[in-house]
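Descriptive analysis of the structure
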Amino acid sequence: MVRIHQAYRYALAPTPAQTAALASHCGAARFAFNWGLALVKDALDQRAAEQSSEVPDALLTEVPWSLYALRRAWNTAKDTVAPWWADNSKEAYSSGLDALARALKNWAASRNGNRKGNPVGFPRFKSKHRAALSCRFTTGTIRLETDRRHVTLPRLGTIRTAESTRKLARHLERGTGRILSATIRSKGGRWFVAFTCQIDRTDRTPARPDAVVGVDLGVRALAVLSTGEVIDNPKHHRAALRTLRKLNKRLARRAGPRTPDGSSRQASKRWHKTKIHLARVHARVAAQRRDGLHQLTTRLAATYGMVVVEDLHVAGMTKNRRLARAIADVGMAEVRRQLTCKSAWRGGRLVVADRWYPSSKTCSGCGAVKAKLALSERTYSCAACGLVLDRDANAARNLAALAARYEHDVAQSCGETVNARGGAVGPGIRAGHAPAKRELPPGRTLRRKPEAV
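Described below are features of the structure shown in this document. (Residues numbered from 1 in each chain as written. Predicted model: local features only at pLDDT ≥ 70, side-chain atom pairs only at ≥ 80, totals over all residues. Heavy atoms only, no water.)

Regarding the packing of helix α1 (residues 16-52) against helix α2 (residues 67-81)
- Two numbers describe how α1 lies on α2: the axes approach to 11 Å, and their chain directions differ by 110°. Relative to α2, α1 is oriented roughly perpendicular. Contacts between α1 and α2 involve F31, W35, G36, L39 and V40 on the former and, on the latter, L70, A73, W74, A77 and V81.
- Across the contact of α1 with α2, the residue classes tally to 9 nonpolar, 1 polar and no charged. (Axes fitted to C-alpha atoms, helices over the stretch in contact; angles between N-to-C directions. Helix = DSSP H or I, 4+ residues; strand = E, 2+ residues; numbered from the N terminus. Parallel < 35°, antiparallel > 145°, perpendicular 65-115°, else oblique. Contact = heavy atoms within 4.5 Å. Nonpolar A, V, L, I, M, F, W, Y, C, P; charged D, E, K, R; others polar.)

Shown next as C-alpha cells:
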C-alpha cells in the first residue's frame, strides 16, 4: 500500500447564479491578495524610513509576512476595507492571503539563494482582467454527492458536474481516499473544480516487469519506441491554426482595451465575446494534447517495468523560431512529468538519460559514435558495421540499452538508490527538470569522472 497525494479535476455545469457566485469568490481572493500586498508594501516603506532615521530595531514597524500575520491583520480590518466580506466564504479571503504568503516566501528564498531555478520577483498586484480566476477551499463542507453528478462546496452549495465523479467517489466509499482541499478555477470559459486528495494505492506491477523500453520524443512522430512502434504526432495546434488565425484577426478588428495610440479605454462587448471564443479554442487544443499524452504515458507505465527517456531542454529548444511552434505542440516536458508519477504508481522505474548522452549519433548495432549528425539526416547509416536504420528508432534502441548500464551500476552500489523506484537516478542519469540534449561547441570536450572498474 502506497499513500500519495493526487488531484482529481472535474468540469462543472453551474447555473447562472452559481457562476456569479464562483466569480465572486475568485474576486474576493484577488481582493484579499491585493489588500495584503498593499499592506506589506506600506509596512516595508515605513520600516525603511524608520531605519534611515536610526530607529532602534526593537521599535521598527513589523511587516505581516506569514499567513498567520496576514490573517490577523485581515480580521482586524475587514469590516472597514470590505464591508461586503460576509457575502463570500472566509476561505476565499484566506486563499488570497495564502497565495500572497507563498509568493513572499518564494521571493525571500530566491533572494537569499535558498531557492533553485530562475530568480523570483517581488509579488505584483493582480489585475481583474488578466489574473486567473481561482479560489481554494480547505475547510467547510467539501464532499461528493451520492449521485456522482454533484459536488458541494462551502457557501457555494451543491453544483452539478459535467462528468461523473465515480473515480474519486469509489476511493471515498472504500475508505482509501480523503479530500484535503478543493480549488475552483475558470479556464477557457468553463469552470472546473480540482480535489487534492490523499489516496492509498495498492502495490501494482507492470504487465511486463522485466521489459525495458526506450522512448525517443520528436516532432514528426510524437514518440518512437525501441520496440519499433511509432506513435504519430496528432499536431492539435497545427490543426486549429486556421481557426486561431481567424479569431485573432477578428479580435484585432474589435475595440479592445487599448487605442491605437496606446491609451486605455473600455473594451467592447464583441471584443470580450471574441476573446472568450479564442480562449475556448486554445483550451480545447490543450485538452486534446493532454488527453493523448495521458493515454501514451499510462500505457507505457502499465506495460513496461523500466522506461528510459531523454533529458531534454525544451525551453532552450523552443528558442529556435523555426521549430518552436512544432516543439511546443508536442508537450515533451509533460511526457516526462507524467511518466515520473505514473511509473512510481505502477511499480515501475523511470530512467532519465544524461543530457549529453549521444543517443542519436551512436550506432545501436556496434556502438560507434559519429562526430556529427545533421538534423536533416533522418536515416542513420553506420560506416563501421553498415547498419541502416531510422534515426529515431536508432536513438530509442540506444536509450533502451542504457538501462542495462543503469542496472549494473545499481547492483555495484550499496543496494538500490532512494529514487531507483519510480524516478530512477543513477550514474550519468538524473531526475528532475534538466534541460536539453545539444552538441558541444567545436573544440570542446565533456569532462567526466572516470568510471569505477
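Here we look at the layout of surface pockets
- Size it by volume and the largest pocket reaches roughly 1,700 Å³.
- Counting residues per element, the lining of the largest pocket draws most heavily on helix α7 (residues 269-303), at 10 residues.
- By residue class, the composition of the lining of the largest pocket is 10 nonpolar, 9 polar and 18 charged. (1 Å grid on protein atoms, 1.4 Å probe; cavity = no way out; pocket = protein on both sides within 12 Å on 5 of 7 lines; lining within 4 Å. Points joined across faces, edges and corners; volume = space filled by probe spheres on them.)

Here's the deal with the packing of α2 against helix α3 (residues 90-111)
- At a closest axis distance of 9 Å, the pairing of α2 and α3 adopts a crossing angle of 140°. Overall, the two elements α2 and α3 adopt an arrangement that is oblique. When you trace α2 past α3, the crossing you get is right-handed. Across the interface between the two elements, L67, L70, R71 and W74 of α2 pack against Y93, S94, L97, D98, L100 and A101 of α3.
- Of the residues in the contact of α2 with α3, the class split is 7 nonpolar, 1 polar and 2 charged. (Left-handed = near helix turned anticlockwise from the far one by under 90°.)

Things to note about the sheet that holds strand β3 (residues 143-144)
- The 3 strands lie next to each other as β3-β4-β5, forming an open sheet whose pairing is antiparallel. What marks the edges here is a single partner per strand, and that holds for β3 and β5 (157-160). (Pairing = 2+ DSSP bridges.)

Some words on the side chain of T176
- Of note, T176 is situated in the loop between α4 (166-174) and β6 (177-187).
- The exposure class of T176 is buried, given its relative accessible area of 17%.
- Of the polar contacts made by the side chain of T176, one reaches the side chain of H171; its length is 2.9 Å.
- Sequence-distant contacts of T176, that is, excluding residues within four places in its chain, are made with H171, Q198, I199 and D200. (Buried < 20%, exposed > 50% of the residue type's maximum accessible area, 1.4 Å probe, protein only. Polar contact = N/O pair within 3.5 Å; in protein donor to acceptor, adjacent residues only side chain to side chain.)

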